[in-house]
Amino acid sequence: MNEIVADAAWCWFGDPRAVYHNGRLYYGWVDSKGHIWIAQVDTATWTRRRFLVAPDTHVDDHDNPSIVIRGGRVCVFWCGHAGRSMRYRVATNPDSIEGFGPVLTCSAGNTPGRFGFTYPNVAQMTHDNALYLLWRGGNFQPTYSRSTSVTANVWSPARHLFSVPGDNRPYLKMVTDGNAWLHFMMTDGHPHNVPTSLYYVGWRLVDDSFRRADGTKLASLADAPIPVSSLQKVYDGVANPRAWIWDLQLDAGRNPHAVFAVLNSREDHEYWSARHNGGWQVKRICDAGGTIAQDRERYYSGGAALDPLDLDTVTVSRPPGPQDLHRLETWRTRDGGATWRHDATISDTQQQNVRPFYVRGAPAGMNWRLMWLRGTYGEFRDFALRLVGGEPPGA
């Protein structure tokens, strides 16, 4: 375990938080003063550089930046928590963060409403050489835009993509094949407010269709906003305890795999797996302890992340005992997800170890392929955390 940044935080709904490209590791964070940062590591020499993307935003862990590579250049997006605008910067040169262009305010606009911009999720797709940007919009709903002229700040108008009734808001995770598919797993609300279920859908860009995991068509982009309730239900949070999604990955056959938290009470969370291989298999992994927050956020689990290079392995944040702080452990299945067993312990319990994330695109054996936060967590505006990293055991 190595300290990477002495003052850093991130949430788990704005991604990618860290990416690997052309021998370089890029990662972003928000610090306890509200500054937005990005750093670069040359993995051949482990030379590190950092760049202050935006000073003095807000002290809020929802403000972490999302990073994508387009044409070899780093693009960094951030918007705050119900922020007034979606902003981004593009690196001046490929494979470098030594200089960035000006701060751009995304020309897509937003959906109507008072809830601003939250949670940028970005993906570069080869099918149409476009960058896809999703966020929670002014109407509290998933919203998207696309651009083939990012540096020129030319974006399609913001479009409401998925919907739930009332003032509820879906929480969404996205993963792509990098070519022509975007995959989503989402809730139908906040677990504070409604008994949350989980729903899957895949967006096939070739014909702008939305499909179940078996390829069956559910809707077209022309039908947007698409009701979340019409998507493929993976977990029923009405018949069972409510759920919150943590991670979504794809296997070599483009089958979705997810890890999520089942929330029995403030003190009693569990981690579960959902994987598709001809049908959905939903199984319990392990106890997750309780919330890491010291305020009313009773459903802030420590976090879980699937290893994208080995989807039979998941890294979880959980306390080994009821009086312990959260540590990181790996759990593994050897029977296709039917059962899971503790495999290794990554960190100690001297401080909270939370919100693990596997660097997108990182090769096996790379140090810091797994990153997480370590320190003290009060609530999303009150944290004293460091960004740390290491290579998962056995990798």
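What you see is a predicted model; the values in this text were computed from it and never measured.

Here is what the cut-offs are and how they apply
Residues numbered from 1 in each chain as written. Predicted model: local features only at pLDDT ≥ 70, side-chain atom pairs only at ≥ 80, totals over all residues. Heavy atoms only, no water. Helix = DSSP H or I, 4+ residues; strand = E, 2+ residues; numbered from the N terminus. Buried < 20%, exposed > 50% of the residue type's maximum accessible area, 1.4 Å probe, protein only. Contact = heavy atoms within 4.5 Å. Pairing = 2+ DSSP bridges. Salt bridge = Lys/Arg side-chain N within 4 Å of Asp/Glu carboxyl O.

K.L.:
How should I be thinking about the environment of serine 156 in this particular structure?
P.N.:
Structurally, the position occupied by serine 156 is in the loop between strand E12 (142-147) and strand E13 (159-160). Judged by its relative accessible area of 22%, serine 156 is partly exposed. In this structure the C-alpha to C-alpha distance between serine 156 and glycine 321, which are 165 residues apart in sequence, comes to 50 Å. For serine 156, the contacting residues outside a window of four places in its chain are Ala108, Ser145 and Arg146.

K.L.:
I'm lost on unusual backbone geometry in this one. Help?
P.N.:
Of all residues except glycine, most have a negative phi; of all peptide bonds, most are trans. Look at the link from aspartate 15 to proline 16: it is a cis peptide, with omega at -5 degrees. Here proline 16 is to be found in the loop between strand E1 (2-5) and strand E2 (18-21). Cis geometry is found at the peptide bond from alanine 224 to proline 225, where omega equals 5 degrees. Position of proline 225 among the secondary structure elements: in the loop between strand E19 (217-220) and strand E20 (226-227). Look at tryptophan 46: it is not a glycine, yet its phi comes out positive at around 60 degrees. Tracing the backbone shows tryptophan 46 in the loop between strand E4 (36-42) and strand E5 (47-54).

K.L.:
Just to check I follow, could you spell out the pairing of E4 for this structure?
P.N.:
Regular strands place their side chains on alternate faces of the sheet. When you tally the buried positions in E4, you get six out of seven residues, the bulk of the element. In this structure, strand E3 (residues 24-30) lies alongside E4, joined through seven bridges in antiparallel fashion. Residue pairing for E4: glycine 28 is matched across the bridge by isoleucine 38. Between E3 and E4, which pair antiparallel in sequence order, lie five residues; one of them, glycine 34, sits at a positive phi of approximately 85 degrees.

K.L.:
Help me out: how do you make sense of the pattern of salt bridges in this one?
P.N.:
When the charged atoms of two side chains lie near each other, side chains of opposite charge can form a pair. Going through the model one piece at a time under the given rule, you end up with 18 salt bridges. The residue arginine 284 makes a salt bridge to aspartate 287 at a minimum N-O spacing of 2.2 Å. According to the relative accessible area criterion, arginine 284 is partly exposed, its value standing at 35%. Taking the relative accessible area as the measure of exposure, aspartate 287 reaches 38% and is therefore partly exposed. Glutamate 379 is paired through a salt bridge with arginine 381; the nearest N and O atoms lie 3.3 Å apart. Overall, arginine 381 belongs to the partly exposed group, its relative accessible area being 49%. Put simply, Asp15, Arg17, Lys173 and Arg360 are held in one network by salt bridges that share partners.

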